[in-house]
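Survey of secondary and tertiary structure
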Amino acid sequence: MQLYSELDKNIKYFETLFANCGDMVARKFPIGASLTRHAYIMYFDGMIDRQIVEASVLPKLMASAQKMPESFFHAPLDLLATLKEGGMTTADLREESDMDAIAKAVMAGDTVLMTDGAANAVLVATKGFPNRGVPETNTEVVVQGSNEAFSEVMRINTALVRRRIKDVKLKVKQMQVGRRTVTDIALCYLDDVVRHEVLERAIKRIQNIDIDGILSCGALEEFIEEDYQSPFPQTQITERPDKAASAILEGRIAILVDGAPMVILIPAVIDSFFQSADDYSQRWEIMSLARLLRFASAFFALALPGLYIAITTFHPNMLPMMLAFKMAAARESIPFPAVLEVLIMEFAFELLREAGIRLPRPVGSSIGIIGGLIVGEAAVSAGIVSPIVVIIVALTGIASFAVPSYSLVAAFRLAKFLIIALSAALGLLGFWIALLLLLIHLASLKSFGLPYLFPFAAGDVNGFTDFKDSLFRLPIIFMKKRPIYANPSQRIRLNTDKLGNPRKKE
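Note that the structure is predicted; figures quoted are calculated from it, not measured. (Residues numbered from 1 in each chain as written. Predicted model: local features only at pLDDT ≥ 70, side-chain atom pairs only at ≥ 80, totals over all residues. Heavy atoms only, no water.)

1. Some points on the packing of aromatic side chains
Threshold: Here the aromatic set is Phe, Tyr and Trp, taking the six-membered ring for Trp, and pairing holds for ring centres within 6.5 Å; pairs whose planes are under 30 degrees apart are stacked, those over 60 apart are edge-to-face, and all others are tilted. Secondary structure is summarised from DSSP: a helix means a run of H or I of at least four residues, a strand means a run of E of at least two, and numbering begins at the N terminus for each. Between buried and exposed lies partly exposed: a residue is buried under 20% and exposed over 50% of the maximum accessible area for its type, with that area taken using a 1.4 Å probe on protein chains only.
Scanning the entire structure with this criterion turns up eleven aromatic pairs. Ring geometry for F18 versus F44: centroids 5.4 Å apart, planes at 90 degrees, classification edge-to-face. One end of the pair, F18, is in the loop between α1 (7–17) and β1 (24–31); the other, F44, is in strand β2 (residues 37–44), and 26 residues separate them in sequence. Neither F18 nor F44 differs from the other in exposure class; each is buried. Seen from their ring centres, F232 and F412 are 6.0 Å apart, and the 75 degrees between their planes marks the pair as edge-to-face. With F232 in the loop between α7 (217–224) and β8 (236–238) and F412 in helix α14 (residues 406–426), the pair connects residues that are 180 residues apart, well separated along the chain. A single burial state applies to F232 and to F412, both of which are buried. Put simply, the rings of F274, F295, F456, F464 and F467 touch in pairs and so form one group of aromatic residues.

Encoded structure:
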């Protein structure tokens, strides 16, 4: 619906539209030397930066009533243009004639100016919602490196990315999703490095979302994944601007959701979930060992309880004799089978994990540690579980904390129970069947066209160069090519011709 040229009709429409909105600020005031012409300004209190409105918009408009001669306002259509050019000192202005677009702009934090005789309105960018500024990281803490984290305000997040990548090829494509929330979404990418087929696929999937509201990265993630029924994440979520900037340099796309302090990175293969920002700020030898430990920890977090059940229940002869005797002695007074022991302790530890997350931060860490010790000791003393089961479950929990990605750990926590069930039913045969089913499922997944198990599967597509930053991390000087995410024409990222051999130069 288009704006009327009569100001009173426009005022009546918007007053009806925003009826019972106590936070709406609207004012009609005279313009011109004779005070016979009028303008109308409206905005939502709390959504705008009052300093911009009170310093750059309102004073200039009110001063125009005294300083501008009436001859400036003899043509109705010139009034809006006159105020736009001479009555406001802000640079971010645009005209709009569609009433729905004007209403959405006001709800997004813009200030709207309408005048007599003009079928257009001026939208002044005055967004200034309450926010935390630039917070510190909470979930992806590093020993060395930046402590900045993304905020809930999308414009702050785009600035954090642009501060790290000062390249004209860095593009920020903005979109809106949600019929009622009209959530702003931005795709950040390097225009010459990104794979355009991946970009087009991401844009199409976002455009096809028809829902009343998107309020978090997780909700958007479900819509753009290839297989939303899989517990394994096919997109990577991070709170670190440096990690997002690094991903963009590799040819990936960072999706920013207004109101969410996290960023979605696409595509994402399983190897990317084991990489941490610390990997590139410390010595490569140490971080290669840490990378190997993460992969080993992922296996233990997934398979250790099932392996224990399979061996103790079906294949105790695989254990050394002294260890088997000690385990048998420890389990002599236990009234439950091994599988039920493990399930009891797994349930208790999962409960403690959730309680530690939901409780206030000063209390949560204490509950996780002290609660685990008390529950484990009490269960052993009561003869409900054996000490070895407490050790197995504790090692499983510790191993899960060593994996950098919380979403991948959550998938392992779920898959762990499948392995426990099949191991309890079929022993080692069931254990290997469960791992095989899990491997088949992972091999069937794709992330925006890329194999989920890359580079461990189809690594030859990129000449096996991605193995240099997978199970271990080679020195950066050896990683001359970008990963598989990048456009093939922009695969080279390091020019070593000028480096030569520094020792010879010295």
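2. Some thoughts on helix α4 (residues 99–107)
Our working rule: In this description, the arc belongs to the directions extending from the helix axis to the C-beta atoms. Note on definitions: a residue-residue contact is assigned when non-hydrogen atoms from the two residues lie within 4.5 Å. Side-chain atoms alone can form a polar contact between residues adjacent in sequence; in general such a contact is a pair of N or O atoms within 3.5 Å, and within protein one must be able to donate a hydrogen while the other accepts it.
Those residues of α4 that fall on the buried side of the exposure criterion are M99, I102, A103, A105 and V106. Buried residues of α4 fall within an arc of 160 degrees about the axis and therefore sit on the same side. Looking at the buried side of α4, the elements it contacts are α1, β1, β2, β3 (93–96), β4 (111–115) and β5 (121–124). The backbone nitrogen of D100 has a side-chain oxygen 3.2 Å away, supplied by the residue at the start of α4, namely D98. Two residues or fewer past α4, G109 is found with a positive phi of approximately 110 degrees.

3. Brief notes about empty space enclosed by the protein
A probe matching the size of a water molecule, rolled over the atoms, marks out where space remains unfilled. Going by this rule: Here a cavity denotes grid points, spaced 1 Å and computed from the protein atoms alone, that fit a 1.4 Å probe unable to get out, and a pocket denotes an open set having protein on both sides within 12 Å along at least 5 of 7 lines; residues with an atom within 4 Å of a point are the lining. Grid points are joined across faces, edges and corners, and a volume is the space filled by probe spheres set on the points.
Applying the stated rule across the entire model yields one cavity of 30 Å³ or more. In this model, the largest cavity occupies a volume close to 40 Å³. Every residue along the wall of the largest cavity is listed here: A301, R353, T396, S400, V409, F412, R413 and K416. Breaking the lining of the largest cavity down by element, the ones donating at least two residues are α13 (387–401) and α14. With four residues, the single largest contributor to the lining of the largest cavity is α14.

Purely spatial values, then, with no claim about function.
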